[in-house]
Amino acid sequence: MKYQISKKFLSYSEAFSITYEAGGIAYWVYPETFSSGHKFSFMDANKNKLGYVYQKLESSESDYKIVVAGVYFGKVVWDNKGFSFREKFKLKINGAANCCVKRYLWKNEFKFFRNGGVVAKTTKHSSNWKDSYFVEFSD
């Protein structure tokens, strides 16, 4: 399954959509401007709240917590040791095998690994003025 995420140009507080590759809105993302830190709420196409991702402002850790249906789901943790051209993150989900996320700077791409195999990939659309990404999940 392939999705496209696009933000409006120079927009930091407006909602943006996640669409199916063939068109049509799958999800909405709402940045919460007046929250204590970074917070993004995720909603389905009918704008029913599914969950949110947040980082506390006063936190010294570089991690984001994930809450789904009001329940703590997991977190994304920055996992770099020393200097590297490839950023690395860990996706720690309660009760599931952890994923490793690697960012490839020269390709504008993130790859999600589980048990050594790629389960998803995110690529930035480089020929666009606004932030636009393609997300593809492996079957």
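Figured I'd write up the structure that's included with this text. (Residues numbered from 1 in each chain as written. Predicted model: local features only at pLDDT ≥ 70, side-chain atom pairs only at ≥ 80, totals over all residues. Heavy atoms only, no water.)

What follows concerns a nonpolar patch on the surface. A contiguous nonpolar surface patch, about 310 Å² in accessible area, is contributed by M1, Y20 and F137. Structurally, Y20 can be placed in strand β2 (residues 16-20). (Patch = residues over 30% accessible without salt bridge, like charges linked within 9 Å, V, L, I, M, F, W, Y side chains within 5 Å. Areas by Shrake-Rupley, 256 points an atom, 1.4 Å probe, with all protein chains shown as cover. Salt bridge = Lys/Arg side-chain N within 4 Å of Asp/Glu carboxyl O. Helix = DSSP H or I, 4+ residues; strand = E, 2+ residues; numbered from the N terminus.)

A few words now on the packing of aromatic side chains. All told, the structure shown has five aromatic pairs when counted by the stated rule. With centroids separated by 6.0 Å and ring planes inclined at 85°, the aromatic side chains of Y3 and F137 adopt a geometry described as edge-to-face. Taken together, the residues Y3 in strand β1 (residues 2-6) and F137 in strand β12 (residues 132-137) connect sequence positions 134 residues apart. A relative accessible area of 41% means that F137 is categorised as partly exposed. Taking 6.5 Å as the distance between ring centres and 35° as the angle between the ring planes, the aromatic pair formed by W28 and Y30 counts as tilted. W28 sits in the buried class, given a relative accessible area of 18%. On the basis of relative accessibility, which here comes to 24%, the residue Y30 falls in the partly exposed class. (Phe/Tyr/Trp six-rings, centres within 6.5 Å; stacked < 30°, edge-to-face > 60°. Buried < 20%, exposed > 50% of the residue type's maximum accessible area, 1.4 Å probe, protein only.)

The residue C99 is located in strand β9 (residues 99-104) in this model. Spatially, the C-alpha atoms of C99 and G117 are 9.8 Å apart, while their sequence positions differ by 18 residues. Those residues in contact with C99, other than ones at most four positions away along the chain, are F89, K90, L91, F113 and R114. (Contact = heavy atoms within 4.5 Å.)

What follows concerns the side chain of D44. Of note, D44 is situated in strand β4 (residues 37-44). In this structure D44 is buried but unpaired, with K47 as the nearest side chain of opposite charge at 9.6 Å. Here the side chain of D44 touches N46 through a polar contact of 3.0 Å, landing on its backbone nitrogen. Setting aside anything within four residues of it in sequence, one finds D44 in contact with A26, Y27, W28 and L50. (Lys, Arg positive; Asp, Glu negative; His and termini not counted. Polar contact = N/O pair within 3.5 Å; in protein donor to acceptor, adjacent residues only side chain to side chain.)

This part covers the pattern of salt bridges. Throughout the structure, instances matching the rule amount to one salt bridge. Ionic pairing is found between E109 and K111, a salt bridge with its closest N-O pair at 3.9 Å. Relative accessible area serves as the criterion here: at 8%, E109 is assigned to the buried category.

Its location among the elements puts Q55 in strand β5 (residues 49-56). A distance of 3.4 Å separates the side chain of Q55 from the side chain of Y64, its partner in a polar contact.

Bridge count between β9 and strand β10 (residues 109-114): five bridges; the pairing is antiparallel. Of the residues in β10, the one forming a bridge with K102 is K111. As defined by bridge partners, β10 adjoins strand β11 (residues 117-124) across six bridges and the pair is classed as antiparallel. Considered in β11, the bridge of F110 is made with T122. Linking β10 to β11, which pair antiparallel, is a turn of two residues; within it N115 sits at a positive phi near 55°. (Pairing = 2+ DSSP bridges.)

When you tally the buried positions in β2, you get four out of five residues, the bulk of the element. Pairing of β1 with β2, which is carried by four bridges, proceeds in the antiparallel orientation. Paired with I5 across the two strands is I18, which belongs to β2. One ladder, built from four bridges, connects β2 with strand β3 (residues 25-31); its direction is antiparallel. Pairing of I18 across the sheet is with Y27, part of β3. Linking β2 to β3, which pair antiparallel, is a turn of four residues; within it G23 sits at a positive phi near 110°.

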